Amino acid sequence: MSERVRGCFSQTASGHTSYEIFEASSGVIEPVCRLLVDVFSFSPPDDMSVGVDVFVCTCRKDGVKLAIGWDTWSGFFISAQSDLGDALVRQIGLYLDTVIHQEAFEKYIRVS
């Protein structure tokens with residue numbers, strides 16, 4: 001089902017890289033954060049903010065801070081917060097495109 005789904009890269013208003021999967025529900029945040037910890041050696045998520053139509057948390061690694069979240073405008077996203085994070089977001093996004101069809105993620109992806 002979700003093999004057809006791929007994320008897209010964009011630039012945030014602050015000029016940093018963002019990777020988004022509009023078709024993903026907010027439930028995908030948990031397995032992606034687990035992947036960031038297990039595969040990319042990031043810290044577990046912290047600084048969680050939850051609203052009616054938005055959820056955002058932060059993962060850190062070697063001074064790099066990434067925002068991981070979901071909102072009604074972007075769907076799921078990972079955003080760099082610094083120049084050092086831009087390359088990591090690209091690396092993580094490309095990796096996610098290869099695994100997003102796996103069972104751990106598939107139930108959180110909707111295909112029209």
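Small disclaimer: the values here were computed from a predicted structure and weren't measured.

K.L.:
What should I look at first to understand the side chain of Glu20 in this one?
P.N.:
Here Glu20 is to be found in strand E2 (residues 17-21). In this structure, Glu20 is buried with no salt-bridge partner, the nearest side chain bearing the opposite charge being Arg90 at 11 Å. At a separation of 3.5 Å, a polar atom in the side chain of Glu20 contacts the side chain of Ser18. Those residues in contact with Glu20 that sit more than four places away from it in its chain are Gly7, Cys8, Ser10, Ser74, Phe76 and Phe77.

K.L.:
Looking at this structure, I do not really get unusual backbone geometry. What am I missing?
P.N.:
Negative phi is the rule for most residues except glycine; trans is the rule for most peptide bonds. Unlike most non-glycine residues, Ser41 shows phi in positive territory, near 60°. Relative to the helices and strands, Ser41 resides in the loop between helix H1 (29-38) and strand E3 (46-50). Taking relative accessible area as the criterion, Ser41 reaches 54% and is therefore assigned exposed. Unusually for a residue other than glycine, Asp62 sits at a positive phi of about 50°.

K.L.:
Any chance you could explain the pattern of salt bridges here in plain terms?
P.N.:
Any two side chains of opposite charge can pair, given that their charged atoms come close. Under the criterion given, the structure shown has 3 salt bridges. For Asp97, the salt bridge is made with Arg6, and the minimal N-O distance between the two is 3.9 Å. One end of the pair, Asp97, is in helix H2 (residues 83-99); the other, Arg6, is in the segment before strand E1 (8-11), and 91 residues separate them in sequence. You can call Asp97 buried: its relative accessible area is 9%. The exposed category is assigned to Arg6, whose relative accessible area is 54%. A salt bridge links Arg34 to Glu30, with the shortest nitrogen-to-oxygen separation between them at 3.1 Å. Of this pair, Arg34 and Glu30 both sit in helix H1, 4 residues apart, which is roughly one turn of the helix. Its relative accessible area of 55% is what places Glu30 among the exposed residues.

K.L.:
Got a minute to help me understand the nonpolar core in this structure?
P.N.:
The nonpolar side chains of soluble globular proteins are, as a tendency, buried together. Ranked by size, the top nonpolar core spans 29 residues in total, and within it Leu66, Ile68, Phe76, Ile78 and Leu96 carry the most contacts. Elements supplying a minimum of two residues to this core: E2, H1, strand E4 (54-61), strand E5 (64-71), strand E6 (75-80) and H2. Apart from the residues within four sequence positions on either side, Phe76 is in contact with Tyr19, Glu20, Ile21, Ala24, Val28, Ile29, Val32, Ile68, Gly69, Trp70 and Leu96.

K.L.:
Please clarify how the environment of Val5 should be interpreted in this entry.
P.N.:
Looking at the element boundaries, Val5 is found in the segment before E1. For Val5, a relative accessible area of 6% translates into the label buried. With 18 residues separating them in the primary sequence, Val5 and Glu23 have C-alpha atoms 7.6 Å apart. Discounting residues that sit within four places of it in the chain, Val5 has contacts with Ile21, Glu23, Ile100, Ile109 and Val111.

What counts and what doesn't
- Residues numbered from 1 in each chain as written.
- Predicted model: local features only at pLDDT ≥ 70, side-chain atom pairs only at ≥ 80, totals over all residues.
- Heavy atoms only, no water.
- Helix = DSSP H or I, 4+ residues; strand = E, 2+ residues; numbered from the N terminus.
- Buried < 20%, exposed > 50% of the residue type's maximum accessible area, 1.4 Å probe, protein only.
- Lys, Arg positive; Asp, Glu negative; His and termini not counted.
- Salt bridge = Lys/Arg side-chain N within 4 Å of Asp/Glu carboxyl O.
- Polar contact = N/O pair within 3.5 Å; in protein donor to acceptor, adjacent residues only side chain to side chain.
- Contact = heavy atoms within 4.5 Å.
- Core = buried A, V, L, I, M, F, W, Y, C linked by side-chain atoms within 4.5 Å.

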